[in-house]
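Architecture and fold: a report
The primary structure of each chain is shown beneath.
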Amino acid sequence: MSMKKIFTVLAFALAGVVFAQDDSAENVTTGPYEPVAREVTQAKNTDDDPLPAPKRPTYNFTSYGLGISVWHNYENSSSNPKMDWDQGVVFHYARIWEMTTHGAISLVNNTNFSYETSWQWHETLLIGGRYFFADKVFSPFVGMGLGIGIESDGHFDDFTHGFAIGPAGGVEGGLIIFRTSTTQLELGAAYDMLLDGFDFGRHFGSFSFYLAINY
């Protein structure tokens, strides 16, 4: 074999090797191979979390109301053998300072006047608190307070037996309508009692039922 033929064969052999390498590269990059999908785990984006609902502000109220009352005095074997019960009217006044949407400090003044057999005046001023069961349009509430009171009762012939001034206490409850508003309607009931000095045997009490506007 001549040298020319040998170089020709080597040239074709080298060309075949080059083409074979190009085909291998194409099969690696463009063949049927599909890359495995990688699962990407991302941290929860806290910026997408819903924000808590804003709380409504607390309010201060002045309350005026009017209603009816059922009042009683005390029973005493010498001065008043039978306890008297009279109907009357009540004038309700209060200041209410909300501390939270469910609790408030209260200053309550209930003034009762009798219109039956004898003149009677019964008044208490109580400092205490209220608890509201809901912060919705309709909200029941309960409350209590301590303070002072004054009483004048015409059933007694002796003024000293029918007049009293001393410590007082009371409880209350009812329903607030339009609770979340700055103007409210209050349906209330209360019982308050006062002592003549610190004599628990000489006590005067009153049940009252009223309708009030808080603003």
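For every chain, the first residue of the written sequence is number 1, and numbering continues from 1 along that sequence. Given that this is a predicted model, residues contribute local features only at a pLDDT of at least 70 and side-chain atom pairs are listed and counted only at 80 or more, while totals for whole chains, interfaces and linings are drawn from all residues. Computation of side-chain values: all heavy atoms of the structure, hydrogens and water removed.

**Notes on the confidence of the model for the protein**
Summary of the metric used: pLDDT quantifies the predictor's per-residue confidence within the range 0 to 100. When pLDDT is averaged across the protein, the result is 84; 77% of the residues are at 70 or more. Contact definition: two residues touch when any of their heavy atoms are within 4.5 Å. Confidence over residues 24–31 falls short of pLDDT 50; this stretch has 1 contact with residues more than four positions distant or in other chains.

**Looking at the nonpolar core**
For soluble globular proteins, the rule of thumb is that nonpolar side chains tend to be buried together. Listed in full, the 8 residues of the largest apolar core are W71, Y74, L126, F156, A164, A168, L194 and F204. Leaving out residues up to four positions away in the same chain, L194 has contacts with H122, E123, T124, G149, I150, E151, A164, P167, A168, R202, H203 and F204. In this description, a nonpolar core means a group of buried Ala, Val, Leu, Ile, Met, Phe, Trp, Tyr and Cys residues linked to one another through side-chain atoms lying within 4.5 Å. Each residue is assigned to one of three classes by its accessible area relative to the maximum for its type, calculated with a 1.4 Å probe on protein chains only: buried under 20%, partly exposed between the two thresholds, exposed over 50%. Listed in part, the 7 residues of the second largest apolar core include I96, A104, F132 and I176.

**What to know about the pattern of salt bridges**
In the sections that follow, a salt bridge refers to a side-chain nitrogen of Lys or Arg positioned within 4 Å of a carboxyl oxygen of Asp or Glu. One pass over the structure, following the stated rule, counts 6 salt bridges. Residue R56 pairs with E98 through a salt bridge whose shortest N-O separation is 3.3 Å. Placement of the pair is R56 in the loop between helix 1 (3–30) and strand 1 (60–72) and E98 in strand 2 (residues 85–98), with a sequence separation of 42 residues. Taking relative accessible area as the criterion, R56 reaches 18% and is therefore assigned buried. Given a relative accessible area of 5%, E98 falls into the buried group. The secondary structure listing takes helices from DSSP runs of H or I that are at least 4 residues long and strands from runs of E that are at least 2 residues long, numbered from the N terminus.

**A short note on a nonpolar patch on the surface**
A patch consists of residues exposed above 30% relative accessible area that lack any salt bridge, with like charges linked at up to 9 Å and nonpolar side chains (Val, Leu, Ile, Met, Phe, Trp, Tyr) linked at up to 5 Å. Using the Shrake-Rupley algorithm and a 1.4 Å probe, accessible areas are obtained, with residue cover drawn only from the displayed protein chains. A cluster of nonpolar residues, Y64, L66, F91, I213 and Y215, forms a patch on the protein surface that exposes about 530 Å² of accessible area. Within the secondary structure, I213 sits in strand 8 (residues 199–214). A residue is classified by how much of its surface remains accessible, and I213, at 46% relative accessible area, is partly exposed.

**Observations concerning the sheet that holds strand 6 (residues 163–177)**
Strands were regarded as paired on the criterion that DSSP finds at least two bridges between them. Spatial strand order, 1-2-3-4-5-6-7-8: 8 strands in a closed barrel with antiparallel pairing. Across the sheet, the axes of successive neighbouring strands diverge by a mean angle of 25°, strand direction being ignored. Pairing geometry for strand 4 (residues 120–132) and strand 5 (residues 138–153), over 13 bridges, is antiparallel. Across the sheet, T124 pairs through a bridge with G149, a residue of strand 5. What counts as an axis is a line fitted to C-alpha atoms, over the stretch in contact for a helix, and the angles between N-to-C directions run from 0 to 180 degrees.

**Some remarks on empty space enclosed by the protein**
Buriedness of a pocket was judged along seven lines, with at least five required to meet protein on both sides within 12 Å; pockets are open sets of points on a 1 Å grid over the protein atoms alone, cavities are sets where a 1.4 Å probe fits but cannot get out, and lining residues have an atom within 4 Å of a point. Grid points are joined across faces, edges and corners, and a volume is the space filled by probe spheres set on the points. Per the counting criterion, the structure on display carries 2 cavities of 30 Å³ or more. One number sums up the size of the largest cavity: a volume of about 100 Å³. Lining of the largest cavity is provided by S106, V108, N110, L126, I127, G128, M144, G145, G170, V171, E172 and A190. Going through the elements one at a time, strand 3 (103–114), strand 4, strand 5 and strand 6 are the ones with two or more residues in the lining of the largest cavity. Partitioning the lining of the largest cavity into residue classes produces 6 nonpolar, 5 polar and 1 charged. In this structure, the second largest cavity spans a volume of roughly 30 Å³. Residue assignment for the lining of the second largest cavity shows that the elements contributing at least two residues are strand 2 and strand 4. Residues are grouped as follows: Ala, Val, Leu, Ile, Met, Phe, Trp, Tyr, Cys and Pro are nonpolar; Asp, Glu, Lys and Arg are charged; all remaining types, including Gly, are polar. Of the residues that constitute the lining of the second largest cavity, the class distribution is 4 nonpolar, 2 polar and 3 charged.

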